[in-house]
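Structure assessment
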Amino acid sequence: MTRRRRQFSPEFKEEAVRMVLEGERTVASVAREFGINASTLGSWVNRHRITHAQDEQQPLSGPDRARIRELERENAELRERLIV
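Right, let's walk through the structure included here. (Residues numbered from 1 in each chain as written. Predicted model: local features only at pLDDT ≥ 70, side-chain atom pairs only at ≥ 80, totals over all residues. Heavy atoms only, no water.)

A closer look at the pattern of salt bridges
So the rule is basically this: Any Lys or Arg side-chain nitrogen located within 4 Å of an Asp or Glu carboxyl oxygen qualifies as a salt bridge. By the criteria applied, helices consist of DSSP H or I runs no shorter than four residues and strands consist of E runs no shorter than two, each listed in order from the N terminus.
Counting across every chain of the model gives five salt bridges. Across the pair arginine 25 and glutamate 33 runs a salt bridge, and its minimum N-O distance is 2.8 Å. We note a salt bridge from arginine 67 to glutamate 70, for which the minimum N-O separation is 3.0 Å. Of this pair, arginine 67 and glutamate 70 both sit in helix α5 (residues 62-83), separated by three residues, roughly a single helical turn. Counted as one network, the salt bridges with shared partners bring together Glu15, Arg18 and Glu22.

Here it is in structure tokens:
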């Protein structure tokens, strides 16, 4: 006897992914609640992160940019010390 593959609506997937990304819940706990395999939900979450990566990136503020420049300068200085 063959088993039919379960089909999930886009709304169902979006709700499960949203619960993982917006809450402080693990993939495993949300998967248990929805009655699906954790690896299935994990792949949905990863796919969502990849397709929405540009949406989630926010421009850096002035202080953040300055801090990054400072850290890059310090990093270069430390590398020079290691080489010498």
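There is more to say after this.
Observations concerning the packing of helix α2 (residues 27-34) against helix α3 (residues 38-51)
Definition in use: Axis lines are fitted to C-alpha atoms, over the contacting stretch for helices. Their N-to-C directions set the angle, which ranges from 0 to 180 degrees. Left-handed describes a crossing in which the near helix is turned anticlockwise from the far one by less than a right angle; the clockwise case is right-handed. We call two residues in contact when some of their heavy atoms are within 4.5 Å. Only Asp, Glu, Lys and Arg are considered charged in this grouping, and only Ala, Val, Leu, Ile, Met, Phe, Trp, Tyr, Cys and Pro are considered nonpolar; every other residue, Gly among them, is considered polar.
Viewed as axis vectors pointing N to C, α2 and α3 meet at an angle of 115 degrees, and their least axial separation amounts to 8 Å. Relative to α3, α2 is oriented so that their crossing is right-handed. Contact residues: α2 offers Val27, Ala28, Val30 and Ala31, while α3 offers Ala38, Leu41 and Gly42. The residue makeup of the contact of α2 with α3, split by class, is six nonpolar, one polar and no charged.

Focus on helix α1 (residues 10-22)
To keep things clear, this is the line we draw: The span you would expect from a helix comes to 1.5 Å times its residue count less one. Burial here depends on accessible area, computed with a 1.4 Å probe over protein chains only, as a share of the maximum for the residue type. Under 20% is buried, over 50% is exposed, and the range in between is partly exposed. Note: the arc covers the axis-to-C-beta directions of the helix.
With 13 residues, α1 extends 18 Å between its outermost C-alpha atoms, agreeing within 8% with the 18 Å of an ideal straight helix rising 1.5 Å per residue. Taken together, the buried positions of α1 are occupied by Ala16, Val17, Met19 and Val20. For α1, the arc enclosing every buried residue in end-on projection is 155 degrees, short of the 170-degree limit, so these residues lie on one face. Exposed positions of α1 whose direction lies more than 90 degrees from the buried face are Pro10, Glu11, Glu14 and Glu22. Its buried side turned inward, α1 meets α2 and α3.

Remarks on the nonpolar core
Our working rule: What makes a nonpolar core is a set of buried Ala, Val, Leu, Ile, Met, Phe, Trp, Tyr and Cys residues whose side-chain atoms join them at distances within 4.5 Å.
Ala16, Val17, Met19, Val20, Val30, Ala31, Phe34, Ile36, Leu41, Trp44 and Val45 together form the largest nonpolar core, which totals 11 residues. For this core, the secondary-structure elements that each account for two or more residues are α1, α2 and α3. Take this core: its biggest share by element is four residues, from α1. Apart from the residues within four sequence positions on either side, tryptophan 44 is in contact with Phe8, Phe12, Lys13, Ala16, Val17 and Ile36.

Concerning the packing of aromatic side chains
Note the following rule: Each Phe, Tyr or Trp ring (for Trp, its six-membered ring) is paired with any other whose centre lies within 6.5 Å, and the angle between the two planes then decides the class: stacked below 30 degrees, edge-to-face above 60, tilted in between.
Using the criterion set out here, one finds four aromatic pairs in the structure. Judged by centre distance (5.3 Å) and plane angle (70 degrees), the rings of phenylalanine 8 and tryptophan 44 are edge-to-face. Of the two residues, phenylalanine 8 sits in the segment before α1 while tryptophan 44 sits in helix α3, which places them 36 residues apart along the sequence. Both rings, one in phenylalanine 12 and one in phenylalanine 34, keep their centres 5.2 Å apart while their planes meet at 80 degrees; by these two values the pair is edge-to-face. Placement of phenylalanine 12 in helix α1 and of phenylalanine 34 in helix α2 is noted, with a sequence separation of 22 residues between them. Under the relative-accessibility criterion, phenylalanine 34 is labelled buried at 18%. What links up through ring pairs into an aromatic cluster is the set Phe8, Phe12, Phe34 and Trp44.

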